[in-house]
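# Overview (structure and organization)
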Amino acid sequence: MVPISHILILAGMIFALGVVCVFAHRNILMILIGVEIMLNAAGLAFVAGSMRWGMPEGQIFVLFLMAMAASEVSVGLALVVYLHKRKRSVNIDDFNEMKD
Amino acid sequence: MGIRQGILLALVFVPVLAAIPVLLVPSGRAARLIALIITAFELALSLVPFAVFMQPRPDGWLVRLDLSWIPAFGINFSLGLDGISLLMAALTAFLFMLSVLVSWDAIRDKSPMFHFMLLVMETCVMGVFLSTDLFLFYLFWEVMLVPMFFLIGVWGHGRKVYSAVKFFVYTFTGSLFMLLAIIGLYVIHGSQAGEYTFALEALKSTHVEPATGLWLFAAFFIGFAVKVPVFPIHSWLPDAHTDAPTAGSVILAGLLLKTGAYGLIRFGFPLFPEASAAYIPVILAVGIIGVYYAAWIAYAQEDMKRLVAYSSISHLGFVVLGIAAWNEVSLAGSVLQMVNHGITTGALFIMVGMLDERMHTRDISAFGGLWSKAPGLSAFFLLFIVSSLGLPGLNNFAGELLILVGLFKEYPYLAAAAFAGVVFTLIYLLRLAQKVLFGPPATDAEFHDLSPREAAILVPLAILVVVIGLYPRILIGPIEGPIKALVSPVAAVKTAGATPQAATAPAQTAAADRGGTP
Amino acid sequence: MPSFSMDNMVSILPEMIVLSLALAVLMFDLALPKDEKRYLAYFSVAGLAIAGYQTMNLAGLQLDTFYGMFVLDGYAIFFKVLFYIAAAIAILISIGYVKGQEMDKGEYYALILFATAGMMVMASGADLISIYLGLELMALSVYILAGFMRGSMKSNEAALKYFLLGAFSSGILLYGIAIIYGVTGTTNLAGIAAFIQSGQYSGPALTLAMILLVAGFGFKVAAVPFHMWVPDVYEGAPTSVTAFMSVGPKAAGFAAFLRVFTTALPGIQPDWTVIIASLAIMSMLIGNVVAISQTNIKRMLAYSSIAHAGYAMVGFVSGGMQGVSSVMMYLFIYMFMNLGAFGMVVMLRKDGVAGEELKDFAGLAKKNRTAALLMMVFMFSLAGIPPTAGFMGKFYVFMAAIDAGFTWLAIIGVMMSAVSAYFYLRVIMYMYMKEPEGEFELAAPLSLKLAMAVAVLGVLYIGMAPAGLIDFARISIAGMM
């Protein structure tokens, strides 16, 4: 049996990786992937919690979460594809119409 | 609600209700006419109490009106009329009517909106002088800024937008601190008495910790002092006055400045007897500095309007001294002087406006030898100048004398210094009279004497100047009672010093006052 | 375990109405010809009115349904009423605008209704998961709305930025929820409170989760330092959408924020008080100070919206009956005045293009007195000058703060209000004290006029007779506190 703290530490590391991915990359697709990694880290933490308390809720939440992530990605990808069509670029720095 | 309460309500709300049709009428002429009728009606209304009911109720008010407004916060729509507010209300009605008259020809652009702003302003100023609920008072106090901002910014001249914004930001900031202090006092009172209320009479009985009281009074004082204005925070005033249209200057000098002094008398000192006693040296200092400093600056002014504006600061310095001395004589002098200054300075601004309309300049050096060209106008000008410098027999003399006598009782040396200040005033005002009225004519341009409308404006002012000067009792009579009631609780604290008994004295007095209410 | 009862259906009746309305709009959209889409808008507004009527009929109920995941109480009803009004005014503002901007599609109204349904779920959520679901439903709809003006690069970019930062923030929020679940074994708000109360755990994980929740909600309510998306998105999004976005999702964010922190986390109140107080201070400072230098009115209103989140958080920090009801009242008032201000921006067109620069307002008073007067009222209200509602809102918030002993917060708030007076006044200055340049065309169809009339009446009525709204807010939370 894996101790719960190990799973939580792993989830924390994955979450941190996701955050780093969001901030380190200029490519919009990579940023999106970073966000997805964050969501999955949260899902992992839910599963760990579910195991700790011996309750099925955590697992159910992960199902919810996957559905949410899918709809989020569909909106996000649609946007990215459209923007790529217009600007031929997926670099976040190219989108700077508005400045202070 | 009886007919007396109805008069109170009408005094406050008739102008703002009339303002709406004024805004909607298409022609400037109709707007002017409605505004004139309404302000005349207000003047008549404000004189009714003098004739009909001067018998105070047991609690000292002539009329009271209390309606529930926002019960969740303990806010009532409370108006109260006593001798002091009656004088101020009458002055308000009088000066607003004059303002409509002086703008008759001068304001042609967007005339309906101008009169809309004037009438809204009248409601606010009336509200400030009549409110006895701190929240209501603050509301009127704050709304007052809006029409003034427009009067200066839209119909002014010179750097009008700059002056309007400066006026707004200065006074808005000052009053926001007062708002905090009002809420603070409300919370303290609520936690003590268990009943949350903004009613002035109830809040007077609050026992405030000395340290907290110092902060709260300071916040109130800043709010009022910006309006008065007191020496280091006066710099908005010369700009606002210079760039305002004549009617704006008249209201600004005649009424807005008075709201600050009135606030100190009605709210500042009575709410915090101990804290205000502790601040008296500071207030005396800024008062006397104001008298000298403003007189000094006024001497150097070439723009007549700016000169009169600085003379306002100097005169208001006397009023502040009278308030700080806080005895019956000095306070009566201050209230009297508030009315006098409204009349005299209002008249001076009107006259400067008339000169400006003729010559399109307010530069002192552009005038000269006016006496020979326009004797009527010059005679009035001279009368108001000598009234302003305190010639015995004219109105300002009575007020200043009372202030100085009252001040002398408490602080003889300061009274001596203030008296010397009068001499200062003499210098710059006589210089103004000498340069403009006498001496060689600066130009040989055509110069019209007074038109009938202008004479109709100036004659009542001149009559008031003389009548009040010869017989000040007509004004002192109504305010004696209320001033006595105001002086005693604070004076008790002052004489007792910071002894423990002093803390309870005002509370008992206020409680006794309330006990008398039927 | 309670059995499934009719109460469940009753409690979600308002949501059902709004969702069916959204689906009906999508269906009718197919039947309507291309330039007749405005009927969908009227239909939506009528539907929202029915939903509002039904919701008011439920007032006074206290239903705890769906195994504790969803409640219908006074608090939820208060916010639902707010959302209906916000959505209805936003739709009325939109009708003419979407036509002019070539985005006259039926989905526009459906998306506003979906977002409204999401906000309603947020206000009613009694479980972190249902709150999260509501939040996502709202956010996804608004992402699309932000990019609805397909031809405009600015709008596309606004949608992209809003989406990326929004998704990022909901990831943070979700991770916070996961930690709370791991620590307490439940996501039910009452269950979390009971767990913390029992003192079984008091470690750093809970504090960490709380901070993540603050960050997640902080994004939605546009509080500093989670505000970086606000100026760009507000400027880029279609103005009618910005109007909706600046009031609806913000109020919904506060509704969930307040409920989670006051019902689930009162056990660690000292911790979050410090954090939210500092957020409030930063929001008021940065929002107001940066707004001074803006020349684009949408961007200025974006910073002002950040500042207003700060004022609302002052009430939040104060807590208790006074604090919570002051925030509710503030948001209600903010809804009217901000929708009004954006509505005027929608109305103003100059030389054929949308007038979004401050200088486009120059001399408006000469050309159209009514429009200038309305904008003046909204600006004074945002600045908090009586007798407008904005003053009452600020007054209540600062009063709650002083009452709860947060005098210094009130002092900062008041000083920042004085600063804010400057940039709101500047708009008035431009309208009344400058000469007009160029040609004004006011795009004011009847629907927009109606919306503005509602907004200005709301601002003035609440400003002069706030007693009803105060009582509404106080009664609403009587069951919760």
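None of the values given here were measured: they were computed from a predicted structure.

## Here's the deal with the overall build of chain A
A count of helical and extended segments in chain A gives 3 helices and 0 strands. N-terminal to C-terminal, the α/β element order of chain A is α-α-α. At 17 Å, chain A has a C-alpha radius of gyration far larger than the 13 Å of a compact globule built from 100 residues. Principal-axis analysis of the C-alpha atoms places the extent of chain A at approximately 50 × 25 × 25 Å. Relative to its 100 residues, chain A shows a buried fraction of 32%. Residue pairs in contact within chain A that sit at least 24 positions apart in sequence constitute 48% of those at least 6 positions apart.

## Overview of the overall build of chain C
Counting its regular elements, chain C contains 20 helices and 5 strands. Since a compact globule built from 481 residues should have a radius of gyration of about 23 Å, the 21 Å found for chain C is in line with a globular shape. Counting only C-alpha atoms and orienting by the principal axes, one finds that chain C spans roughly 70 × 55 × 40 Å. In chain C, which comprises 481 residues, the share counted as buried stands at 67%. Taking the intrachain contacts of chain C between residues at least 6 apart in sequence as the baseline, contacts between residues at least 24 apart amount to 80%.

## Side note on the interface of chain C and chain B
How big an interface is tends to be expressed through the accessible area that disappears when the partners come together. Taken residue by residue, the interface counts 24 residues in chain C and 22 residues in chain B. Residue assignment for the side of chain C that touches chain B shows that the elements contributing at least two residues are helix H17 (389-403), helix H18 (407-433) and helix H20 (467-476) of chain C. Its residues assigned to classes, the side of chain C that touches chain B shows 20 nonpolar, 1 polar and 3 charged.

## A few points about the pairing of strand S1 (residues 63-70) of chain B
Residue and element names in this part refer to chain B. Where S1 meets strand S2 (residues 75-81), 7 bridges bridge the pair, whose relative direction is antiparallel. Looking across to S2, one finds that Arg-64 is bridged to Gly-80. What sits between S1 and S2 in their antiparallel hairpin is a turn of 4 residues, with Gly-74 showing a positive phi close to 70 degrees.

## Regarding the interface of chain C and chain A
The partner chain A presents 32 residues to the 28 residues of chain C that form the contact. Contributing elements (two or more residues each) for the side of chain C that touches chain A: helix H6 (128-146), helix H7 (153-184) and helix H10 (230-236) of chain C. Among the residues making up the side of chain C that touches chain A, the classes are represented as 17 nonpolar, 6 polar and 5 charged.

## Some details on the arrangement of the chains
Ranking by contact count across 2 pairs of chains in contact places chains A and C at the top. Nothing in chain A touches chain B, and the closest approach of their C-alpha atoms is 25 Å.

## Considerations on the packing of helix H4 (residues 111-130) of chain B against helix H6 (residues 145-155) of chain B
Residues and elements named next belong to chain B. It is at 9 Å that the axes of H4 and H6 come closest, and there the two elements cross at 150 degrees. Considered as vectors, H4 and H6 are oriented roughly antiparallel to each other. In the crossing of H4 with H6, the sense of the turn from one axis to the other is left-handed. Of H6, the residues touching H4 (which contributes Phe-114, Met-117, Val-120 and Met-121) are Pro-147, Met-148, Phe-150, Leu-151 and Trp-155. Residue composition of the contact of H4 with H6, grouped by class: 9 nonpolar, no polar and no charged.

## Topic: the confidence of the model for chain C
Confidence in the prediction of chain C, expressed as mean pLDDT, is 91, and 99% of residues score 70 or more. Two summary scores accompany this predicted model of the complex, namely pTM at 0.93 and ipTM at 0.95.

## Digging into unusual backbone geometry
For the peptide bond that leads from Val228(B) to Pro229(B), omega is -15 degrees, which places it in the cis range. With respect to the secondary-structure elements, Pro229(B) resides in the loop between helix H9 (210-227) and helix H10 (236-243). Its identity is not glycine, yet Glu102(C) carries a phi of approximately 60 degrees, on the positive side. Mapping Glu102(C) onto the fold places it in the loop between helix H4 (74-100) and helix H5 (106-124).

## Some words on helix H14 (residues 320-347) of chain C
In this model H14(C) runs 40 Å from its N-terminal to its C-terminal C-alpha over 28 residues, within 8% of the 40 Å that 1.5 Å per residue would give. Of all 28 residues in H14(C), 26 are buried; the element is thus mostly enclosed.

## Re helix H19 (residues 446-464) of chain C
Taking 1.5 Å as the rise per residue, H19(C) with 19 residues should run 27 Å; its terminal C-alpha atoms sit 27 Å apart, in good agreement. On the buried face of H19(C), the contacting elements are H4, H14, helix H16 (369-383), H17 and H20 of chain C.

## Description of the packing of helix H3 (residues 38-57) of chain C against H4(C)
Residues and elements named next belong to chain C. Where H3 contacts H4, the two axes come as close as 10 Å, and the packing angle between them is 165 degrees. Between H3 and H4, the angle falls in the class roughly antiparallel. Between H3 and H4 the crossing geometry is left-handed. Here Arg-38, Ala-41, Ser-44, Val-45, Leu-48, Ala-51, Gly-52 and Thr-55 of H3 come into contact with H4, specifically with Ile-77, Lys-80, Val-81, Tyr-84, Ala-87, Ala-88, Ile-91, Leu-92, Ser-94 and Ile-95.

## Re the environment of Met359(B)
Residues and elements named next belong to chain B. Inspection of the secondary structure assignment puts Met-359 in helix H14 (residues 328-359). Taking the C-beta count within 10 Å as the criterion, Met-359 has 15 such neighbours and is therefore assigned partly exposed. In sequence terms Met-359 and Gly-190 are 169 residues apart; their C-alpha atoms lie 59 Å from each other.

## Some words on the environment of Ser312(B)
All names here are of chain B. By the secondary structure assignment, Ser-312 is in helix H13 (residues 304-325). Its 29 C-beta neighbours within 10 Å are what place Ser-312 among the buried residues. Ignoring sequence-local partners within four residues, the contact set of Ser-312 consists of Ala-253, Leu-257 and Thr-345.

Reading the values: rules and limits
Residues numbered from 1 in each chain as written. Chains lettered and ligands numbered in written order. Predicted model: local features only at pLDDT ≥ 70, side-chain atom pairs only at ≥ 80, totals over all residues. Helix = DSSP H or I, 4+ residues; strand = E, 2+ residues; numbered from the N terminus. Rg over C-alpha atoms; globule rule 2.2 N^0.38 Å. Buried ≥ 20, exposed ≤ 12 C-beta atoms within 10 Å, placed from the backbone. Contact = placed C-beta atoms within 7 Å. Nonpolar A, V, L, I, M, F, W, Y, C, P; charged D, E, K, R; others polar. Pairing = 2+ DSSP bridges. Axes fitted to C-alpha atoms, helices over the stretch in contact; angles between N-to-C directions. Parallel < 35°, antiparallel > 145°, perpendicular 65-115°, else oblique. Left-handed = near helix turned anticlockwise from the far one by under 90°. pLDDT = per-residue confidence, 0-100. Expected span 1.5 Å × (residues − 1).

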